[in-house]
Amino acid sequence: MIIAQAPFITVFMYLDEVPEGQTRDDLALVIEETLRQRILGVKNEKGVYITPAFPKLIYVLDEDNITEDSKYWYLTELAAKCTAKRMVPDYISAKMMRKLKNGNVYTCMGCRSFLTVEDNQRNPDGTHKFYGRFNQGVVTINLVDVACSSNGDMDRFWKILDERLELCHKALRCRHERLLGTISDVAPILWQHGALAHLKKGETIDKLLYGGYSTISLGYAGLYEMCVRMTGKSHTDPEAKPFALAVMQRLNDKCAEWKADENIAYSVYGTPEMIPWVAQASSCEK
């Protein structure tokens, strides 16, 4: 028997992504059924209903579903019931995302990696292009390990952080270079038939790896624990917050530096859990 993993995708439940009227009402029916199925769960090998990890669900809050008198309020109530039982969906404020993303509201790729509007990729009609783009991979730096390796010495911390960031950079380059030279024929649905691109047979995907069409991510994990080890306080404490922000700025600055040098869209990516292979890869010094 072959057991397949759940698809590593996100279902983006955003009503205003489609025109008002019958199309939006139809989308509301799809969202409702998706939430009801997630509330029910799926059976495991013992026949017990459990919460599946994927597909991930994101529910977008906007003017037509955030107040009791709004048309789709019933979906928000259903989403809340789903959250109470299954700890999903995640929620996005359309209002805040428009404010932060130049007026755009859009989904993440796969799990939680969001494309950047600053890459300025456009559809033929001039709108920002999000669907069809992709991520080349993630390498996560273990900030807790950096802090512990420094033994609380701040000068040593920054030195080790820079060393580990260069290690992450090398690992990210390995991911990028592994993709170079890949021809579209290896996955026609992705590269030739429009899932990610419309390339010709025999054409390489190389041009999609540069210029912002795809991103590549520097992940980070353990910001809170790092601050506790180095300062004795949480990253939300007024005394430790400047240190936490300085570390985040260092990550951003490195991504900007690599992007400027290589024309590859490096970006910072929050890694909420310490996946074993990520932790191992990020803590190696040699």
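This text goes with the structure placed above it.
Described in the following lines is the structure provided in the data block. (Residues numbered from 1 in each chain as written. Predicted model: local features only at pLDDT ≥ 70, side-chain atom pairs only at ≥ 80, totals over all residues. Heavy atoms only, no water.)

The residue after F54, namely P55, is reached through a cis peptide bond having omega -5 degrees. Between V88 and P89 the backbone carries a cis peptide bond, its omega angle lying at 10 degrees. Relative to the helices and strands, P89 is located in the loop between helix 2 (73-86) and strand 5 (90-93). Phi is positive for M87, close to 60 degrees, though the residue is something other than glycine. Tracing the backbone through its elements, the reader meets M87 in the loop between helix 2 and strand 5. Positive phi is not limited to glycine here, since N151 has a value of about 55 degrees. Along the chain, N151 turns up in the loop between helix 4 (143-150) and helix 5 (154-179). You can call N151 exposed: its relative accessible area is 59%. (Helix = DSSP H or I, 4+ residues; strand = E, 2+ residues; numbered from the N terminus. Buried < 20%, exposed > 50% of the residue type's maximum accessible area, 1.4 Å probe, protein only.)

In space, the three strands of this open sheet follow the order 1-4-5, with parallel pairing throughout. Either end of the sheet is taken by a strand with one partner, and the two such strands are strand 1 (10-13) and strand 5. In this sheet, neighbouring strand axes are inclined to one another by 25 degrees on average, regardless of whether the strands run parallel or antiparallel. Where strand 1 lies against strand 4 (residues 56-61), four bridges are found, and the strand directions are parallel. Pairing of V11 across the sheet is with L57, part of strand 4. (Pairing = 2+ DSSP bridges. Axes fitted to C-alpha atoms, helices over the stretch in contact; angles between N-to-C directions.)

Let us now look at the layout of surface pockets. Of the pockets and cavities examined, the largest pocket occupies roughly 490 Å³. In terms of lining, the largest pocket is formed by 24 residues, of which the most central are K101, F114, L115, T116 and V268. Those elements that place two or more of their residues in the lining of the largest pocket are strand 5, helix 3 (94-100), helix 8 (241-262) and strand 8 (265-270). At six residues, strand 8 tops the list of elements feeding residues into the lining of the largest pocket. Grouping the constituent residues of the lining of the largest pocket by class yields 12 nonpolar, seven polar and five charged. (1 Å grid on protein atoms, 1.4 Å probe; cavity = no way out; pocket = protein on both sides within 12 Å on 5 of 7 lines; lining within 4 Å. Points joined across faces, edges and corners; volume = space filled by probe spheres on them. Nonpolar A, V, L, I, M, F, W, Y, C, P; charged D, E, K, R; others polar.)

Moving on to the sheet that holds strand 6 (residues 134-142). Spatial ordering of the open sheet is given by 6-7-8, a layout of three strands whose pairing is parallel. In this open sheet, the two strands that pair with only one neighbour each are strand 6 and strand 8. Geometrically, the sheet is characterised by an average inter-axis angle of 25 degrees between neighbouring strands, direction not taken into account. Two strands pair when backbone bridges link them, and strand 6 and strand 7 (residues 214-221) are joined in this way by seven bridges, in the parallel orientation. Opposite V139, over in strand 7, you have L218 as the bridge partner. Those strands touched by helix 4 are strand 6 and strand 7, and its axis lies near 25 degrees from that of strand 6. (Contact = heavy atoms within 4.5 Å.)

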